[in-house]
Amino acid sequence: MLDHLGNLERTHSCGTLRASDVGASVTLMGWVARRRDFGELTFIDLRDRDGITQVVFNSEDAPEAHAKAKESRGEFVIAVTGEVVLRDEASRNPKLPTGEVEVQAREVLILNDARTLPFQLDSSVDALASEDLRLKYRYLDLRRPQLQANLRLRHRVLREIRSYMDQQGFTEIETPILIKSTPEGARDYIVPSRVQPGKFFALPQSPQLFKQLCMIAGLDKYFQIARCFRDEDLRADRQPEFTQLDLEMSFATLDQIYSVTEGLFARIFKLIGVDLPLPFPRFTYAEAMRRWGSDKPDLRIDGMELQNLSPALAGTTFAPYASALAAGGEVQGVVIKGGAGLSRKVLDELQEFAKRYGAAALAWIKLGDETTSSLLKVLGEEAVNGLASTAAAKKGDAVLIVAGKPKTVAASLGALRNEVARREKLIPANVYAPLWVTEFPMFEYHDDDGRYYAMHHPFTSPLDEDLDLLERAVEGGETDLLGKLRTKAYDPVINGVELASGSIRIHRRDVQRLVFKALGLTTEEARSRFGFFLDALEYGTPPHGGIAPGIDRLMMVLAGTENIRDVMAFPKTASATDLMIDAPGEVDQKQLEELHLRVVKE
């Protein structure tokens, strides 16, 4: 039979008792993490969110409590009253903050029982149950101390953000969740309107337009901890619903936004005892891609910058390289310090890895006691040595080489740089290397449908010196210039993770009209989607800009995990489903009829 809590109140949590509490009468409440029986003595490790305390039940001193302790099983909820005593020196546990003491129980209440768990909570990371099983029983998975620590750290981060933003003069303003669909980029989640048949709301991918409207309204400094939604294919660092810090400033310069953002990150990282180096170094997008093949380079990796090998291959008759260069492509390599010892098996695995990023093949040169290379037969020893020299490789090094379109070469070598550094343990632990990537291209061309898209979003301002290129491209028909336009966009990156995206916005209607036209929107389409915003731009819009750090990705870096689901309370799976509540699910016919919807089975 279960006991009633009544008016009993706990005096301490299970992680707070120390030697200074010896002699105190305490009441603890929590879950049975472990029970050990030794005849007249029974030991229970009692757990709550703050830690574990060992409780000892003696059949001679408290027979009724001892009998109840023997009834308890794993994850039973109990309340214990007793006295804090020092453990025998031989039984002290230095791994536990409470390891010097234990509670000698006088009374115990069994407040609730528990079924056998579908998986063990005390398993090591390598022995954990499958993620799908843990997500189905997420309320049990969340009892694990590491996940609880992540969520409590998240709370502290959000508290620190609000404190910092308030000190910087920002006002927290909530913006709508039910908005208008403006399809551009990722897909919207659509919400049907019951009272307006045939019409739909969308869930916001970001509060972008609303925060700009706050600037037009004269609110000057806005921020929000915003919930956002994107119906897109998922990756390890993405979820269909996510949280971001959204902020916007009127009359802001680039340096002002950099300073506010760096100050914020510095405050947040102090929560884990890290002093970020300030100011962050800045690299243009073009420089980052040229040096590291990535717009989010990991600067913890020493060297390993991309080396342009194309000049050394001018006039080559080797067909793959000759055709790549003739088509405007390039041949690049990356030097792996000490990589001459890479096995053929590892090189074959790296070849398959590079192919995931579009590379047709991965060539290699190893400078051991003698030079070996996958290119020796087709290029000859002299040419291979020339490539190694051009790459500035030395004895003991390896060179990995990719040829093709510049975008493919950069993507594959940039990813290989990270993969090799991870495999060979070339990334130092407990190091945080921040940077800014700036001047992103305004547009990127998609081969699949033969048109340009905004690389960030269509409200990003071009560089002042590129405004004439935008006008020539749109009004003068020089569409090739669209690929050369640069923006006042910027991303802060730490340890190879893009933590935010921001820009100075377009505040002039004439410039916004040109951008919409460049994206292929007719005047009528632009009016239909963004008419309210275009109208607002005509009423004295100040220059403004902002940034939106992703809270979930930021938490990944702070918590030291590579899985975004480790820092969210109730995440979705990689297929955007919630296994715990079985969502998304079907709705009944009456609901569909009220919404004027009909499900068409494929």
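Scroll up a little and you will see the structure.
Cut-off values and rules
- Residues numbered from 1 in each chain as written.
- Predicted model: local features only at pLDDT ≥ 70, side-chain atom pairs only at ≥ 80, totals over all residues.
- Heavy atoms only, no water.
- Helix = DSSP H or I, 4+ residues; strand = E, 2+ residues; numbered from the N terminus.
- Buried < 20%, exposed > 50% of the residue type's maximum accessible area, 1.4 Å probe, protein only.
- Contact = heavy atoms within 4.5 Å.
- Lys, Arg positive; Asp, Glu negative; His and termini not counted.
- Charge placed at Lys NZ, Arg CZ, Asp CG, Glu CD.
- Pairing = 2+ DSSP bridges.
- Axes fitted to C-alpha atoms, helices over the stretch in contact; angles between N-to-C directions.
- Core = buried A, V, L, I, M, F, W, Y, C linked by side-chain atoms within 4.5 Å.
- Disulfide = S-S within 2.5 Å.
- Salt bridge = Lys/Arg side-chain N within 4 Å of Asp/Glu carboxyl O.
- Polar contact = N/O pair within 3.5 Å; in protein donor to acceptor, adjacent residues only side chain to side chain.
- Phe/Tyr/Trp six-rings, centres within 6.5 Å; stacked < 30°, edge-to-face > 60°.

Structural notes on the overall build of the protein
Piece 1. Broken down by element type, the protein carries 17 helices and 23 strands.
Piece 2. Each principal axis of the C-alpha atoms in the protein carries an extent, and together these give about 95 × 75 × 55 Å.
Piece 3. Counting the 602 residues in the protein, one finds 47% classified as buried.
Piece 4. Expressed as a percentage of contacts within the protein between residues at least 6 apart in sequence, the contacts between residues at least 24 apart total 69%.
Piece 5. Looking at the protein, you have 75 positive and 88 negative side-chain charges, and the mean spots of the two groups are 1 Å apart.

Here we look at the environment of L387
Piece 1. Inspection of the secondary structure puts L387 in helix 11 (residues 381–390).
Piece 2. The class of L387 is buried, set by a relative accessible area of 1%.
Piece 3. Distance from L387 to T243, taken between C-alpha atoms, is 47 Å for residues 144 residues apart in sequence.
Piece 4. Residues in contact with L387, not counting those within four places in the same chain, are L309, A312, L313, I365, L375, L379 and I401.

A few points about the sheet that holds strand 1 (residues 25–38)
Two pairing modes exist for strands in a sheet, parallel and antiparallel, and in both the strands are linked by backbone hydrogen bonds.
Piece 1. Spatially, 1-2-3-5-4 is the arrangement adopted by the five strands of the closed barrel, whose pairing is mixed. Taken over all neighbouring pairs, the strand axes of this sheet differ in orientation by 55° on average, direction set aside.
Piece 2. Strand direction decides the pairing type here: strand 4 (residues 77–86) and strand 5 (residues 101–112), joined by ten bridges, are antiparallel. The residue of strand 5 that forms the bridge with G82 is A105.
Piece 3. Contacts from helix 1 (residues 63–71) reach strand 1, strand 2 (41–48), strand 3 (51–58) and strand 5 within the one sheet, and its direction differs from that of strand 5 by about 65°.

Some words on the nonpolar core
Piece 1. In this structure, V157, I161, L245, F269, L554 and L558 are the most contacted members of the largest nonpolar core, which totals 40 residues.
Piece 2. Among the elements of the structure, helix 4 (145–167), strand 9 (221–229), strand 10 (241–250), helix 6 (254–269), strand 20 (489–494), strand 22 (500–504) and helix 16 (551–559) are those that each provide at least two residues to this core.
Piece 3. Considering every element that reaches this core, the biggest residue donor is helix 6, with seven residues.
Piece 4. Filtering out sequence-adjacent residues up to four positions away, I161 remains in contact with I225, L245, L264, I268 and I551.
Piece 5. Within the second largest apolar cluster, 23 residues are counted, among which are I301, M304, L350 and W364.

What to know about the state of the cysteines
In a disulfide, the sulfur atoms of two cysteines are covalently bonded to one another.
Piece 1. In total, this model carries zero disulfides according to the counting rule given.
Piece 2. With no disulfide of its own, C214 lies 14 Å from the sulfur of C228, the closest cysteine sulfur.
Piece 3. Of the residues examined, C228 reaches a relative accessible area of 0% and is grouped as buried.

Remarks on the sheet that holds strand 16 (residues 398–404)
Piece 1. The sheet built from five strands is open, its strands ordered 12-13-16-14-15 with antiparallel pairing. Strands with a single pairing partner mark the edges of an open sheet, and in this sheet they are strand 12 (306–308) and strand 15 (371–373). Here the strands of the sheet are splayed against their neighbours by 25° on average, with no regard to which way each runs.
Piece 2. Summarising the sheet, strand 13 (residues 330–336) and strand 16 pair through seven bridges and their orientation is antiparallel. Of the residues in strand 16, the one forming a bridge with V334 is L400.

Structural notes on the pattern of salt bridges
Piece 1. Taken as a whole and judged by the stated rule, the model has 48 salt bridges.
Piece 2. Here K572 and E241 are joined by a salt bridge, their closest N and O atoms 2.5 Å apart. Residue K572 is found in the loop between helix 16 and helix 17 (589–594), and its partner E241 is found in strand 10; the two are separated by 331 residues along the sequence.
Piece 3. Between R486 and E465 there is a salt bridge, with the nearest N and O atoms lying 4.0 Å from each other. A residue pair is termed long-range when its members are at least 10 positions apart, and R486 in the loop between helix 13 (467–475) and strand 20 and E465 in the loop between strand 19 (451–454) and helix 13 qualify at 21 residues.
Piece 4. R486 gets classed as partly exposed once you look at its relative accessible area, which sits at 31%.
Piece 5. One continuous salt-bridge network, built from bridges that share partners, spans K345, E349, E419, R422 and R423.

As for the pairing of strand 20
Piece 1. Among the six residues that make up strand 20, six are buried, leaving the element largely enclosed by the rest of the structure.
Piece 2. Alignment of strand 17 (residues 434–438) against strand 20, held across five bridges, turns out to be antiparallel. The residue bridging P434 from the neighbouring strand is I494, located in strand 20.
Piece 3. Inspection of the sheet shows strand 20 paired to strand 22 by two bridges, in the antiparallel sense. Paired with A489 across the strands is S503, a residue of strand 22.

Digging into unusual backbone geometry
Piece 1. Of note, the amide linkage connecting L278 to P279 takes the cis form, showing an omega dihedral of -10°.
Piece 2. If you trace the backbone, P279 turns up in the loop between helix 6 and strand 11 (282–284).
Piece 3. Residues A583 and P584 are joined by a peptide bond in cis, for which omega reads 0°.
Piece 4. For P584, the location among the structural elements is in the loop between helix 16 and helix 17.
Piece 5. The backbone of N430 shows a phi angle near 55°, a positive value even though the residue is not glycine.
Piece 6. Among the structural elements, N430 can be located in the loop between helix 12 (406–423) and strand 17.

Points about the side chain of T42
Piece 1. Take T42: it is sitting in strand 2.
Piece 2. Using a relative accessible area of 0% as the deciding quantity, one classes T42 as buried.
Piece 3. At 2.9 Å, the side chain of T42 and the side chain of D37 are in polar contact.
Piece 4. Each residue touching T42, except ones within four places of it in the same chain, is listed here: R35, R36, D37, V55, V56, F57, H66, A69 and K70.

Thoughts on the packing of aromatic side chains
Piece 1. Under the criterion given, the structure shown has 17 aromatic pairs.
Piece 2. Judged by centre distance (5.1 Å) and plane angle (85°), the rings of F283 and W292 are edge-to-face. The same class applies to F283 and to W292, which are both buried.
Piece 3. Between F353 and Y357 the ring centres are 5.3 Å apart and the planes differ by 45°, which places this aromatic pair in the tilted class.
Piece 4. With a relative accessible area of 9%, F353 lands in the buried category.
Piece 5. Overall, Y357 belongs to the partly exposed group, its relative accessible area being 38%.

Topic: the environment of Y539
Piece 1. Secondary-structure assignment places Y539 in the loop between helix 15 (523–536) and strand 23 (544–549).
Piece 2. Its relative accessible area of 65% is what places Y539 among the exposed residues.
Piece 3. Once the C-alpha coordinates of Y539 and A217 are considered, the two residues, 322 residues apart in sequence, prove to be 9.5 Å apart.

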